[in-house]
Amino acid sequence: MKSQRYLPDALPVPEVNDVNRAFFTSGEIRIQTCQACGSVQHPPLELCCTCGGFAFDYIAGQSSGTVCSYTIVHHPTHSALADAVPYNVVIVELDQPPGVRVIGNLVGGIENRAEIGQRVVAGWTTPIEREGQAPVQLLQWHPI
Ligand SMILES: [Zn+2]
């Protein structure tokens, strides 16, 4: 599912590096899995929080989950957000792998509201072009 950005286009996109490239450019939920111990972790880091390993695979996570927390932001933290408030930020626990939580915005919520326990499915923004780099796609959650 592709959609326009929930937040304004003027808001800078995350810096893409070797660790987070799979998550921001694949258009699917890619979860970091340690090659040494098999632990999964998100957000992706340069080392495994369980064993200290440095080598990872990136497995596809399930695109559905449950809102386990959310907030409504009323004060813009960036000038590009001045006209976007209030907006929501949700934390979603994926159906698989268990225990993995992913932050995003809930698109199509009623008056920017979310509910704990609400079932959601992942969608991605249309690719955001960046000069000389792979386009970024941002995760956005949609009500099921
Ligand atoms: Zn590990």
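Going by what an unreviewed UniProt entry lists, the chain is known as DNA-binding protein and is assigned to Nocardioides immobilis.

**Points about the overall build of the chain**
Helix and strand counts for the chain stand at 1 helix and 11 strands. Its helices and strands in sequence order give the chain the pattern β-α-β-β-β-β-β-β-β-β-β-β, from N to C terminus. Taking 144 residues into account, the globule formula puts the C-alpha radius of gyration at 15 Å, and the chain, at 15 Å, falls close to it. For the chain, the spread of C-alpha atoms along the principal axes amounts to about 45 × 40 × 25 Å. Looking at the 144 residues of the chain, the share that counts as buried comes to 40%. As displayed, the chain has an accessible area near 7,900 Å², and 53% of this comes from carbon and sulfur atoms.

**Points about the coordination of the zinc ion**
Taken together, the protein ligands of the zinc ion are Cys-34 (SG), Cys-37 (SG), Cys-48 (SG) and Cys-51 (SG), with distances of 2.3 to 2.4 Å. What the 4 donor atoms of the zinc ion show is an angle range of 103 to 114° at the metal, which sorts the shape as tetrahedral. For the zinc ion, all donor residues lie on one chain, and their spacing in sequence is C-x2-C-x10-C-x2-C. Residue Cys-37 is found in the loop between β2 (30–34) and β3 (40–41), and its partner Cys-51 is found in the loop between β3 and β4 (56–60); the two are separated by 14 residues along the sequence. Accessibility expressed as a relative area gives 41% for Cys-51, which makes it partly exposed.

**What about the pattern of salt bridges?**
Applying the stated criterion across every chain yields a total of 4 salt bridges. As a salt-bridge pair, Arg-30 and Glu-28 come within 2.5 Å of each other at their nearest N and O atoms.

**Topic: the nonpolar core**
Counting residues in each nonpolar core, the largest one holds 21 residues, and the members touching the most others are Phe-23, Ile-29, Val-90, Leu-94, Val-102, Leu-139 and Trp-141. Of all elements in the fold, only α1 (21–25), β6 (87–94), β7 (101–106), β8 (119–125) and β11 (139–143) reach the threshold of two or more residues within this core. Once you skip the residues sitting within four places of it in the chain, Ile-29 turns out to touch Phe-23, Ile-59, Ala-60, Gly-61, Gln-62, Ser-63, Leu-94, Ala-122, Trp-124, Leu-139 and Trp-141. Counting 7 residues, the second-largest nonpolar core is a separate cluster that includes Leu-7, Leu-11, Leu-81 and Tyr-87.

**A few points about the pairing of β8**
In terms of burial, β8 is largely enclosed, as 5 of its 7 residues are buried. Note: strand β1 (residues 2–3) against β8, 2 bridges, orientation parallel. Among the inter-strand pairings, Ser-3 is bridged to a residue of β8, identified as Thr-125. Examined bridge by bridge, strand β5 (residues 64–73) and β8 share 3 bridges and lie antiparallel to one another.

**Details of the sheet that holds β3**
Pairing within the open sheet is antiparallel, and its 3 strands lie in the order β3-β2-β4. Two strands close off the open sheet at either side, each with one partner strand: β3 and β4. The pairing of β2 with β3 spans 2 bridges and is antiparallel. Counterpart to Gln-32 in the pairing with β3 is Gln-41.

**Comments concerning the packing of aromatic side chains**
Counting across every chain of the model gives 2 aromatic pairs. The interplanar angle of 85° and the centroid separation of 5.3 Å between the aromatic rings of Phe-23 and Phe-24 together place this pair among those described as edge-to-face. Here the aromatic rings of Phe-23 and Trp-124 are separated by 5.7 Å at their centres, their planes lie at 70°, and the arrangement is edge-to-face. A residue pair is termed long-range when its members are at least 10 positions apart, and Phe-23 in helix α1 and Trp-124 in strand β8 qualify at 101 residues. Residues Phe-23 and Trp-124 agree in their burial class; the two are buried. Grouping aromatic residues by their ring pairs yields a cluster made of Phe-23, Phe-24 and Trp-124.

The rules we used
- Residues numbered from 1 in each chain as written.
- Predicted model: local features only at pLDDT ≥ 70, side-chain atom pairs only at ≥ 80, totals over all residues.
- Heavy atoms only, no water.
- Helix = DSSP H or I, 4+ residues; strand = E, 2+ residues; numbered from the N terminus.
- Rg over C-alpha atoms; globule rule 2.2 N^0.38 Å.
- Buried < 20%, exposed > 50% of the residue type's maximum accessible area, 1.4 Å probe, protein only.
- Areas by Shrake-Rupley, 256 points an atom, 1.4 Å probe, with all protein chains shown as cover.
- Donors = N, O, S within 2.8 Å, 3.2 Å for Na, K, Ca; no water.
- Tetrahedral: all angles 85-135°; square planar, octahedral: opposite > 155°, others 65-115°.
- Salt bridge = Lys/Arg side-chain N within 4 Å of Asp/Glu carboxyl O.
- Core = buried A, V, L, I, M, F, W, Y, C linked by side-chain atoms within 4.5 Å.
- Contact = heavy atoms within 4.5 Å.
- Pairing = 2+ DSSP bridges.
- Phe/Tyr/Trp six-rings, centres within 6.5 Å; stacked < 30°, edge-to-face > 60°.

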